[in-house]
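Here is how the chains run, residue by residue.
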Amino acid sequence: MADKISVGHLRGIVMRAPGMTATKAFYTEQWGLHEAASDEGIVYLHGTSAEPFLYGLKDGDTYGIEYAHFGMENRADMDALYAQVVAEGGTVLGAPALFNDKIGGYGFEMLDPDNRRLRFTTDLQMREASQKHAYPHKISHLVFNTPDLEGSEAWYARVLGFRTSDYSADQMTFMRCNETHHAVALVRAQYPSINHVAFEVPGINSFMRAIGRMKQNGQVPSWGPGRHGPGDNPFAYFVSPSGFVIEFTADVELIDEDTHEARVWSRSDPEAMDQWMTAGPPTPAQRTVMAGRPDFGFPKPE
């Protein structure tokens, strides 16, 4: 794996749903994001990091992921990643080029094994970062439901250079592209869909205050607060107006590449799911909403 080019970092995601842009006020007035840019049928929202946007709201006829957004350090790395993807038989949607939307940048798009669209960019116009207390700083991780857990894990490792950090029994795989414990996690499921998107705030006090801000706005967690075993991160999950699960988290484990070995966490041990034992296991309703709605992605190019 040492000779693999790895994806640099997670940037964000654009979600699609009927009437999605009409939910902007939830994210700007309650969740803590700010409008970065907009165009016909799409709104981009930024947090306190330097990223130009973290979360996109796109109007569409179906519910799902418009694209997951990853970054590379420079054009040389981008071109090297593209060459690796092509060599490994990945389904690319075009060669690296300039994007002509409101976000721009240089990069390319491709499809993963579940036909999710992945976008890779560099040379974006970055913002001035801050660490505003209790507000989302960045996207910590994306969790995808997949009917082929083992195949997807192997694909993300072979094609994009991800490494496996941990397993939750044989039901979930946590994968990293840099020192953060996981940028992507994969969940065994009946069909492909989004499980949840995690927003990281700067530290445990910000985490608790963010939950408090939501409660003051009449929004209570659907699961949490608690603290996961894999990743060692606190969690509090909410359900957005479009029915997507979103999470506040903080202090995600950082991996030492030289010493770390992937661990299999038991799902029969309640403390593996919630070390604090404040949240307990997810309810059947929570599991249902995290299963999401089927999202079969985009057609492969002919």
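Analysis parameters
Residues numbered from 1 in each chain as written. Predicted model: local features only at pLDDT ≥ 70, side-chain atom pairs only at ≥ 80, totals over all residues. Heavy atoms only, no water. Helix = DSSP H or I, 4+ residues; strand = E, 2+ residues; numbered from the N terminus. Rg over C-alpha atoms; globule rule 2.2 N^0.38 Å. Buried < 20%, exposed > 50% of the residue type's maximum accessible area, 1.4 Å probe, protein only. Contact = heavy atoms within 4.5 Å. Core = buried A, V, L, I, M, F, W, Y, C linked by side-chain atoms within 4.5 Å. Pairing = 2+ DSSP bridges. Phe/Tyr/Trp six-rings, centres within 6.5 Å; stacked < 30°, edge-to-face > 60°. Lys NZ or Arg CZ within 6 Å of the ring centre and 35° of its normal. Arc of directions from axis to C-beta. Axes fitted to C-alpha atoms, helices over the stretch in contact; angles between N-to-C directions.

Peer 1: Any chance you could break down the overall build of the protein chain for me, citing the residues and the numbers?
Peer 2: Along its length, the protein chain carries six helices and 18 strands. Expected size for 302 residues packed as a compact globule is a radius of gyration near 19 Å; at 18 Å, the protein chain falls within 12% of this value. Dimensions of the protein chain, computed from the C-alpha atoms along their principal axes, are close to 45 × 45 × 35 Å. Burial analysis of the protein chain (302 residues in total) assigns 54% to the buried set. Put simply, of all contacts in the protein chain between residues at least 6 apart along the chain, 68% involve residues at least 24 apart.

Peer 1: Can you tell me about the nonpolar core, naming the residues and giving the values?
Peer 2: With 57 residues, the main nonpolar core has Tyr 27, Trp 31, Tyr 55, Phe 120, Leu 160 and Phe 162 as its most contacted residues. The biggest single contributor to this core is helix 3 (residues 149-160), with six residues. Within the second largest apolar cluster, eight residues are counted, among which are Val 14, Ile 42, Tyr 44 and Phe 53.

Peer 1: How would you explain unusual backbone geometry if you had to name every residue and give the values?
Peer 2: Following Gly 224, the chain continues to Pro 225 via a peptide bond in cis, the omega torsion being 5 degrees. Tracing the backbone through its elements, the reader meets Pro 225 in strand 15 (residues 223-227). The residue Ala 134 is not glycine, and still its phi comes out positive at about 75 degrees. Position of Ala 134 relative to the elements: it lies in the loop between strand 9 (117-122) and strand 10 (138-146). Classification of Ala 134 as buried rests on a relative accessible area of 3%.

Peer 1: I'd love a proper account of the pairing of strand 1 (residues 9-17), names of residues and values included.
Peer 2: Across the nine residues of strand 1, eight count as buried, placing the element largely inside the fold. Across seven bridges, strand 1 lies against strand 5 (residues 64-71) in antiparallel orientation. Paired with Met 15 across the strands is Ile 65, a residue of strand 5. By the bridge criterion, five bridges tie strand 1 to strand 4 (residues 55-59) in an arrangement that is parallel. Paired with Ala 17 across the strands is Asp 59, a residue of strand 4.

Peer 1: For the packing of aromatic side chains, give the residues involved together with the corresponding values.
Peer 2: For the structure on display, the rule yields 19 aromatic pairs. Relative to Phe 199, the ring of Trp 31 lies with its centre 5.5 Å away and its plane at 80 degrees, an arrangement referred to as edge-to-face. Residue Trp 31 is found in helix 1 (residues 24-31), and its partner Phe 199 is found in strand 14 (residues 193-200); the two are separated by 168 residues along the sequence. In this structure, Trp 31 and Phe 199 share a single accessibility class: buried. Ring centres of Trp 155 and Tyr 156 lie 4.9 Å apart, and the angle between their planes is 80 degrees; this geometry places the pair in the edge-to-face category. Here the aromatic residues Phe 26, Tyr 27, Trp 31, Tyr 55, Phe 199, Phe 238 and Phe 248 are joined through ring pairs into a cluster of three or more. Directly above the ring of Phe 99 sits Arg 119, whose terminal nitrogen or CZ lies 4.0 Å from the centroid.

Peer 1: So what's going on with helix 1? Which residues, and what values?
Peer 2: All buried positions along helix 1 are accounted for by Phe 26, Tyr 27, Gln 30 and Trp 31. Taken around the axis of helix 1, the buried residues stretch over an arc of 110 degrees, which confines them to a single face. Where helix 1 is buried, its residues meet strand 3 (42-46), strand 4, strand 14, helix 4 (204-216), strand 16 (234-239) and strand 17 (245-249). Positive phi appears at Gly 32, one or two residues downstream of helix 1, with a value of about 105 degrees.

Peer 1: Go over the environment of Leu 93 with me, naming the residues and quoting the values.
Peer 2: Mapped onto the fold, Leu 93 is located in the loop between strand 6 (91-92) and strand 7 (97-98). Distance in space between the C-alpha atoms of Leu 93 and Ala 134 is 38 Å, their sequence separation being 41 residues. Setting aside its immediate chain neighbours within four residues, Leu 93 contacts Glu 109, Met 110, Leu 111, Arg 117 and Pro 301.

Peer 1: Hey, could you go over the sheet that holds strand 16 for me, with residue numbers and the actual values?
Peer 2: A sheet is described by the order of its strands in space; here nine strands give the open sequence 15-16-17-14-10-13-12-11-18, paired in mixed fashion. Either end of the sheet is taken by a strand with one partner, and the two such strands are strand 15 and strand 18 (263-265). When the angles between neighbouring strand axes are averaged without regard to direction, this sheet yields 20 degrees. When strand 11 (residues 163-168) meets strand 12 (residues 172-176), the two strands line up antiparallel, connected through five bridges. Bridge pairing links Thr 164 to Met 175 in strand 12. In the packing of helix 6 (residues 284-291) onto the sheet, the strands contacted are strand 10, strand 14, strand 15, strand 16 and strand 17, and the crossing angle to strand 14 comes to about 100 degrees.

From the geometry alone we can't say anything about function, so treat these as descriptive.
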